[in-house]
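Results of the structural survey
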Amino acid sequence: MNRTTSTQSTKRWIARWAAAGLSATILLLAFQEIPAAAQPRAAHVPSSRTVWHWGTFFGGTSTFTPEDMTTSPAPVSLPGPVAEVATSNSSQYALLTNGSVYAWGLGNAGQLGDGATANSFTKPVRVRFPAGVKIASLPVNVMPFDTGLAVDTKGQVWGWGDNQGGELCLGNRQQHLTPVRLPFSHVTAVAGAFDHALYDASGQVWACGLNSLGELGDGSTKSSSVRVRVKGLGPAAHVVFLVAAFANSGALLADGKYRDWGTNGKGQLGIGTQNKPSDVPVTVPLPAKVRQVSQGGSVPGNGQTLALLTNGRLYAWGDNKNGQLGDGTTATQSSPKLITPPSGVTYRTMATSGGTSYGISTTGAVYAWGGGGEGQIGNGTTTGSLTPVKVGSGATGISATADDVLVAVTGS
């Protein structure tokens, strides 16, 4: 359906921005591991038909209203072994080893991809790709607001759902209840948050959607519903991984350098200042090569990043009012700070959402720290924690957006 400007849609935009500012109603993050070309994706080890999730969905027709709160890990059963998990603010996704995708959560904008707009909190529904399409990967973290993305085995990218910022790069802001093919080929990485998205395709990194704080990275603050080129990243062979948050974006390069762009009011860019945003990529100074990166945050006034280096050390920077950086304080950090895990724990994978962060240890244990007002810590309470809390085990992959968390676990 085509959208036109109206009082209702204007109110919705205001509601979405306002809700994003609530400490207990936090929006979007981004996390993925380096893709197969650089290292094996942890999510593709043999996994169970059951995944575990907790936290709260929000978005939909009433952004202010949290939906389906779960304060401890709860099982969701799928019809086949799970290869990968992914999340958005309002829904969760599981890629099965047979190339099919299932979704559950809010469905008001078509973000479940099943051709309907009904919610489905307890029963996963199959995302309706055209016949013959098999999905190879999902943006583990994250999807844009009320919008889904997936890359198929032929390197084509598909999108569905809200698309209100034009983040699907189709030249419009039309809602889609089932997946449509986007105008890219040879896609190797995707990421999206709030109403913008990034696509590594055919030798370049492209972006589209909202851009008021430079999150598209094209040297402007002009929004675009058609693709624009991100400046200063070079050929796609040099980019191995993309991330996105509410008003930020980032790219991990093959040489281990990490560049980011967008808002910087809380030191989100990690360059030692909290001054103006950057509408082109800047290099974050880190003491070793980056192996994984996770970018989170909810509004221009917050946002944080976790970076796991090749030497095994974890660094974090940005907003920290909920303790999401993991240094035991609530002090903002505008430069990367070394984060010490619990005694005896080494993180293999990590993720950060609106105001909460997560790590999976080398033994598969899941730890959480930061904000917990919507159950996103996973320890059975709605209280946050400045120190890591162990909430699960046997994990092979994790995705977390806003206030909801999804974990893939080892098969039986």
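Residues numbered from 1 in each chain as written. Predicted model: local features only at pLDDT ≥ 70, side-chain atom pairs only at ≥ 80, totals over all residues. Heavy atoms only, no water.

Focus: the overall build of the chain
This is how it is decided: Each helix is a run of H or I in the DSSP string that is no shorter than four residues. Each strand is a run of E no shorter than two, and both are numbered from the N terminus. Under the scheme applied here, a residue whose accessible area is under 20% of the maximum for its type counts as buried, over 50% as exposed, and between as partly exposed, the area being computed with a 1.4 Å probe on protein chains only. Between two residues, a contact is recorded if the distance between any of their heavy atoms is within 4.5 Å.
The helix and strand inventory of the chain stands at one helix and 29 strands. Looking at the chain residue by residue over its 412 residues, the buried ones come to 62%. The long-range share in the chain, meaning contacts at least 24 apart out of those at least 6 apart in sequence, stands at 55%.

As for unusual backbone geometry
For residues that are not glycine, phi is negative in most cases, and the peptide bond is trans in most cases. With phi around 60 degrees, N163 is a residue other than glycine that occupies positive phi space. Following the sequence through the fold, N163 ends up in the loop between β10 (157-161) and β11 (176-181). Even without being glycine, F194 reaches a positive phi, approximately 45 degrees. With respect to the element layout, F194 can be found in the loop between β12 (187-193) and β13 (196-201).

What about the sheet that holds strand β26 (residues 366-370)?
Threshold: In this description, strands pair whenever DSSP reports at least two bridges between them. Lines fitted to C-alpha atoms define the axes here, with helix axes fitted over just the stretch in contact, and angles between the N-to-C directions of these axes take values from 0 to 180 degrees.
Pairing in this open sheet of four strands is antiparallel, and the strands run β24-β25-β26-β27 from one edge to the other. With one partner strand each, in any of the chains shown, β24 (347-352) and β27 (385-392) form the two edges of the open sheet. Strand-to-strand, the axes of this sheet are offset by a mean angle of 20 degrees, without reference to chain direction.

Observations concerning the sheet that holds β10
Strand order in this open sheet of four strands is β8-β9-β10-β11, and the pairing throughout is antiparallel. Two strands close off the open sheet at either side, each with one partner strand: β8 (135-137) and β11. Taking each pair of neighbouring strands and ignoring which way they run, the sheet shows an average axis angle of 35 degrees. Here β8 pairs with strand β9 (residues 147-152) via two bridges, running antiparallel.

Description of the nonpolar core
Rules: Residues belong to a common nonpolar core when they are buried Ala, Val, Leu, Ile, Met, Phe, Trp, Tyr or Cys residues joined through side-chain atoms within 4.5 Å.
Core analysis: the biggest nonpolar cluster contains 30 residues, and F184 and Y199 have the highest contact counts within it. Broken down by secondary-structure element, the contributors of at least two residues to this core are β4 (82-87), β5 (91-96), β6 (101-105), β9, β10, β12, β13 and β14 (204-209). Residues V142, L216, A251 and W261 belong to the second largest nonpolar core, which totals 17 residues.

Observations concerning the pairing of strand β18 (residues 258-262)
Within β18, four of the five residues are buried, leaving the element largely enclosed by the surrounding structure. By the bridge criterion, five bridges tie strand β17 (residues 248-253) to β18 in an arrangement that is antiparallel. Pairing of A251 across the sheet is with R259, part of β18. Two successive antiparallel strands, β17 and β18, enclose a turn made up of four residues, where G256 displays a positive phi of approximately 90 degrees. Examined bridge by bridge, β18 and strand β19 (residues 278-283) share three bridges and lie antiparallel to one another. Paired with D260 across the strands is V282, a residue of β19.

Structural notes on empty space enclosed by the protein
Cut-off, in case you're wondering: Space inside and on the surface of the protein is sampled on a 1 Å grid over the protein atoms alone, with a cavity defined as a set of points where a 1.4 Å probe fits but cannot get out and a pocket as an open set with protein on both sides within 12 Å along at least 5 of 7 lines; lining residues have an atom within 4 Å of a point. Grid points are joined across faces, edges and corners, and a volume is the space filled by probe spheres set on the points.
Under the definition given, this model contains two cavities of 30 Å³ or more. For the second largest cavity, the calculated volume is near 40 Å³. Lining the second largest cavity are A245, N248, D260, Q268, L269, Q295, G296, G303, Q304 and T305. Among the secondary structure elements, those contributing two or more residues to the lining of the second largest cavity are β20 (290-296) and β21 (304-309).

Considering the confidence of the model for the chain
The condition that has to hold: Scored from 0 to 100, pLDDT reflects the predictor's confidence in each residue.
Residues of the chain with pLDDT of at least 70 account for 87%, and the chain-wide mean is 88. Segment residues 1-43: pLDDT under 50, and 157 contacts once partners within four positions in sequence are set aside and those in other chains are kept.

Points about the packing of aromatic side chains
Selection criterion: Any two rings among Phe, Tyr and Trp, with Trp reduced to its six-membered ring, count as a pair given centres within 6.5 Å; such a pair is stacked if its planes are under 30 degrees apart, edge-to-face if over 60, and tilted if neither.
Tallied over the full model, the rule gives 11 aromatic pairs. Pairing F145 with F194 gives two aromatic rings, centres 6.0 Å apart and planes at 80 degrees, and the pair type is edge-to-face. Placement of F145 in the loop between β8 and β9 and of F194 in the loop between β12 and β13 is noted, with a sequence separation of 49 residues between them. Summarising the burial analysis for this pair, F145 and F194 share the class buried.

Description of the pairing of β5
In the case of a regular strand, side chains alternate between the two sheet surfaces. The element β5 is extensively covered by neighbouring structure, given that six of its six residues are classed as buried. Judged by which residues are buried, β5 turns out to be covered on both faces: S91, Y93 and L95 on one side and Q92, A94 and L96 on the other are all buried. Two strands pair when backbone bridges link them, and β4 and β5 are joined in this way by five bridges, in the antiparallel orientation. Of the residues in β5, the one forming a bridge with E84 is L95. Hairpin connection, β4 to β5: the antiparallel pair is bridged by three residues. As paired elements, β5 and β6 share five bridges and run antiparallel to each other.

Section: the side chain of D327
Here is the rule we go by: We call two N or O atoms a polar contact when they sit within 3.5 Å, provided that within protein one can donate a hydrogen and the other can accept it, with sequence-adjacent residues counted only if both atoms are side-chain atoms.
The topology assignment puts D327 in the loop between β22 (314-318) and β23 (333-339). Within polar-contact distance, the side chain of D327 engages the side chain of T329 at 3.0 Å. Setting aside residues no more than four positions away along its own chain, D327 makes contact with N320, Q333, K337 and I339.

A word on the environment of G380
Residue position: G380 is located in the loop between β26 and β27. Judged by its relative accessible area of 38%, G380 is partly exposed. Note: C-alpha distance between G380 and T71 (309 residues apart in sequence) is 4.6 Å. G380 has contacts with T71 and S72, leaving out every residue within four places of it along the chain.

Brief notes about the side chain of D114
This is how it is decided: All tallies of charge rest on Lys and Arg as positive and Asp and Glu as negative; His and the ends of each chain are not included. Any carboxyl oxygen of Asp or Glu that lies within 4 Å of a side-chain nitrogen of Lys or Arg is treated as forming a salt bridge with it.
Along the polypeptide, D114 turns up in the loop between β6 and β7 (120-126). Although D114 is buried, it forms no salt bridge, and the closest oppositely charged side chain is R128 at an N-O distance of 6.8 Å.

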